[in-house]
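# Descriptive analysis of the structure
Below are the chains, spelled out letter by letter.
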Amino acid sequence: MATITAVRFRPFALLARREDPSAESAQPRRRPDAAAPGGAPADSLGPIVMLGVPGAGKGTQARRIVERFGLPQISTGDIFRAAVAAGTPAGRELAGYMEKGELVPDELVCEIVAARLLLPDCRRGCILDGFPRTVAQAEWLRGFLDENGMLGPCGLIVIYLTVGYNELYRRLAGRRFCPSCGRIYNDATQPPRVAGRCDVDGTELQQRRDDDPQVVRERLIAYEEQTLPLIEYLRRCSCFHQILGTDPIDRVTANVFGALAACRGAAE
Ligand code: AMP
């Protein structure tokens with residue numbers, strides 16, 4: 001059995017425990033249909049980790065991988081925002097970190113991700129967007145995937161989208177979302193047809209609280225301090241592809257799909 005390093009693992013604890021203190025011991029540690037270690041289905045892919053600073057285009061490219069390969073997208077930021085919006089005890093705890101632009105502690109993040117990864121739709125792989133963000137999370141992830149037989153033939157795949165600092169600031173400052181349908185826009189790169197309105201339902205677009213310039217600054221500092229070592233770590237232990245995120249969106253997608261094909265080819 002793989003050792004879970006750095007982050008203590010309490011399966012399902014976060015979401016279940018806080019609503020019902022007796023629920024923790026009732027939850028399984030392994031997925032009931034988990035394959036033996038190394039035994040993920042032959043057509044599985046990854047899991048695929050999307051890496052890059054906030055605003056590098058991870059979410060957009062992740063959605064295109066979803067459409068092409070039919071894998072679920074797991075965005076920790078989206079899961080956390082949903083918990084905050086729902087006002088759950090976990091959400092209140094998360095909000096304290098997110099509103100300050102700080103990273104959520106590893107243990108809390110891993111508990112939430114574990115619960116999500118154990119759902120059956122992740123059997124053939126998944127796309128992780130916004131996770132892992134630290135070396136401790138990555139070490140935990142590798143152990144967890146191995147223990148649950150969730151690594152596909154090419155192992156963990158990492159797509160690292162790179163963007164220069166100034167371009168990044170421009171993108172984050174222009175980012176808007178629709179509070180009704182969740183669709184994301186960007187005044188700089190993906191503007192809506194009518195300024196300030198959602199293309200789908202016409203709702204007035206909003207800026208995420210953590211895209212406020214001061215919070216953006218905090219997020220970039222947190223990224224540089226904690227995430228750059230992660231890139232070096234993952235470069236050593238995954239099928240790692242670095243792709244220029246400032247190219248036109250369709251070209252980035254073509255490069256991402258090319259990288260996934262190369263990983264598959266290498267595993268055959
Ligand atoms: P994102 O939408 O990925 O930029 O995430 C929004 C916020 O959620 C971040 O600024 C962090 O506060 C928190 N967050 C999301 N994913 C993680 C993670 N893997 N580790 C720590 N904090 C996270």
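Cut-off values and rules
- Residues numbered from 1 in each chain as written.
- Predicted model: local features only at pLDDT ≥ 70, side-chain atom pairs only at ≥ 80, totals over all residues.
- Helix = DSSP H or I, 4+ residues; strand = E, 2+ residues; numbered from the N terminus.
- Near = placed C-beta within 6 Å.
- Nonpolar A, V, L, I, M, F, W, Y, C, P; charged D, E, K, R; others polar.
- Buried ≥ 20, exposed ≤ 12 C-beta atoms within 10 Å, placed from the backbone.
- Contact = placed C-beta atoms within 7 Å.
- Axes fitted to C-alpha atoms, helices over the stretch in contact; angles between N-to-C directions.
- Parallel < 35°, antiparallel > 145°, perpendicular 65-115°, else oblique.
- Left-handed = near helix turned anticlockwise from the far one by under 90°.
- pLDDT = per-residue confidence, 0-100.
- Pairing = 2+ DSSP bridges.

This part is about unusual backbone geometry. Cis rather than trans, the peptide bond between phenylalanine 131 and proline 132 has omega equal to 0 degrees. Here proline 132 lies in the loop between strand E3 (125-129) and helix H6 (135-147).

Close contacts around the ligand come from 18 residues, with Thr76, Gly77, Val104, Gly130 and Arg133 the closest. Counting residues per element, the shell around the ligand draws most heavily on helix H3 (residues 76-86), at three residues. A breakdown of the residues in the shell around the ligand according to their chemical character gives nine nonpolar, five polar and four charged.

Classification of proline 132 by C-beta neighbours within 10 Å gives buried; the count is 26. As for proline 132 and valine 113, which are separated by 19 residues in sequence, their C-alpha atoms are 9.6 Å apart. In this structure, proline 132 is in contact with Val49, Gln137, Ala138, Leu141 and Leu230, ignoring residues within four places of it in sequence.

On to the packing of helix H5 (residues 106-117) against H6, then. Angle between the axes and distance between the axes: these two values describe a pair of packed helices. Interhelical geometry of H5 versus H6 gives an angle of 30 degrees and a closest axis separation of 10 Å. By the angle between their axes, H5 is roughly parallel relative to H6. Where H5 crosses over H6, the handedness of that crossing is right-handed. For the pair formed by H5 and H6, the contact residues are Asp106, Val109, Cys110, Ala114 and Leu117 on the first element and Ala136, Gln137, Trp140 and Phe144 on the second. Partitioned by chemical class, the residues of the contact of H5 with H6 number seven nonpolar, one polar and one charged.

Before going further, it helps to spend a moment on the confidence of the model for the protein chain. Chain-level pLDDT for the protein chain is 80 on average; 83% of the residues reach the 70-or-more range. Note on residues 1-38: pLDDT under 50 across the span, and 61 contacts to partners over four residues away in sequence or across chains.

With parallel pairing, the five strands of this open sheet are ordered in space as E2-E3-E1-E4-E7. Where the open sheet ends on each side, the last strands, each with one partner, are strand E2 (73-75) and strand E7 (239-244). Across the sheet, the mean angle from the axis of one strand to that of its neighbour is 20 degrees, orientation sign disregarded. On top of the sheet, helix H8 (residues 213-237) reaches strand E1 (45-51), strand E4 (157-162) and E7; it is set at about 155 degrees to E1, its chief contact.

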